[in-house]
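# Commentary on secondary and tertiary structure
Letter by letter, the chains look like this.
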Amino acid sequence: HLIQKFFSILSSDDADNPRRLNFWELYCEDMQGLYLALGSDAFIRSNTELYKLRHDAKGLIVRLAEGRKDIQTLIMQFGRHHVVEFNHYNYPAFFYDTLHGLPPFYCSKGWVDIGALSASKMSKGTVAAAPSKPLRHQDTDQLAWEGKFAHIMGATENTIKAFCRKYQCQHEDLRSQGGQEW
């Protein structure tokens, strides 16, 4: 599973706090495409784990066109949303709504240039390429970051089933009978 490998091998996420992995696993069934856009650090020949990852993801890996060798990205495509997650937890995720235009990156040529902006500026969240929406993985008093992300992504039948399997709950939508969804 490439999402698991990205977050376990390439990201700086703490193994004891797999929140990003847990969240994106809920959306796996709805994913229509996935690319890994990797900096040069991911192509170190002596690293067996990276070699296996590159082998498993053959045809789905593109090189970052920019010089930052420590930046690795996971680009996921869902219906009208394309999401770019970085390997560093404190970097924002970028959501591109294709109803507002195509994302400013191209994965089919074997390399990727994430918009006119540099990956280093995007990773810091200093500027956002239109039409993206950068969201940080930060909880607020009112809502966990997963709630903000889910609000954008929506709840599909697949994500609801995955959520119930993962958290051992049941979903019953009683809204048509004047009740609640959960």
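Just above sits the structure.
Reference entry: report on the structure contained in this document.

Parameters and conventions
- Residues numbered from 1 in each chain as written.
- Predicted model: local features only at pLDDT ≥ 70, side-chain atom pairs only at ≥ 80, totals over all residues.
- Heavy atoms only, no water.
- Helix = DSSP H or I, 4+ residues; strand = E, 2+ residues; numbered from the N terminus.
- Buried < 20%, exposed > 50% of the residue type's maximum accessible area, 1.4 Å probe, protein only.
- Contact = heavy atoms within 4.5 Å.
- Areas by Shrake-Rupley, 256 points an atom, 1.4 Å probe, with all protein chains shown as cover.
- Phe/Tyr/Trp six-rings, centres within 6.5 Å; stacked < 30°, edge-to-face > 60°.
- Lys NZ or Arg CZ within 6 Å of the ring centre and 35° of its normal.
- Salt bridge = Lys/Arg side-chain N within 4 Å of Asp/Glu carboxyl O.

Let us now look at the overall build of the protein chain. Counting its secondary structure elements, the protein chain contains six helices and seven strands. Traced from its N-terminal end to its C-terminal end, the protein chain shows the element sequence α-α-β-α-β-β-β-β-β-α-β-α-α. For the protein chain, with 182 residues in total, the buried portion stands at 42%. Taking the intrachain contacts of the protein chain between residues at least 6 apart in sequence as the baseline, contacts between residues at least 24 apart amount to 63%. Total accessible area on the protein chain stands at roughly 10300 Å², and carbon and sulfur atoms take up 49% of it.

As enumerated under the stated definition, the model contains 15 aromatic pairs in all. Seen from their ring centres, Phe 23 and Tyr 27 are 5.1 Å apart, and the 45° between their planes marks the pair as tilted. Tyr 27 shares its class with Phe 23; the two are buried. Put simply, the rings of Phe 23, Trp 24, Tyr 27, Phe 78, Phe 95, Trp 145 and Phe 149 pair up and form one aromatic cluster. Note that Arg 63 overlies the ring of Phe 43, its terminal NZ or CZ placed 3.7 Å from the centroid.

The phi dihedral of Gln 168 is positive, around 50°, even though this residue is not glycine. Secondary-structure assignment places Gln 168 in the segment after helix H6 (157–167).

With that settled, the discussion passes to the pattern of salt bridges. Within the structure shown, the criterion is met by nine salt bridges. The closest approach of N and O atoms between Arg 20 and Asp 13, which form a salt bridge, is 2.7 Å. Classification of Asp 13 by relative accessible area gives buried; the value is 14%. A salt bridge links Asp 173 to Arg 175, with the nearest nitrogen and oxygen atoms 2.7 Å apart. Judged by its relative accessible area of 34%, Asp 173 falls in the partly exposed class. Linked by salt bridges that have partners in common, Asp 13, Arg 20 and Glu 85 make up one network.

The subject of this paragraph is the side chain of Ser 132. Structurally, Ser 132 can be placed in strand S7 (residues 132–135). Judged by its relative accessible area of 15%, Ser 132 is buried. Discounting residues that sit within four places of it in the chain, Ser 132 has contacts with Phe 94, Phe 95 and Tyr 96.

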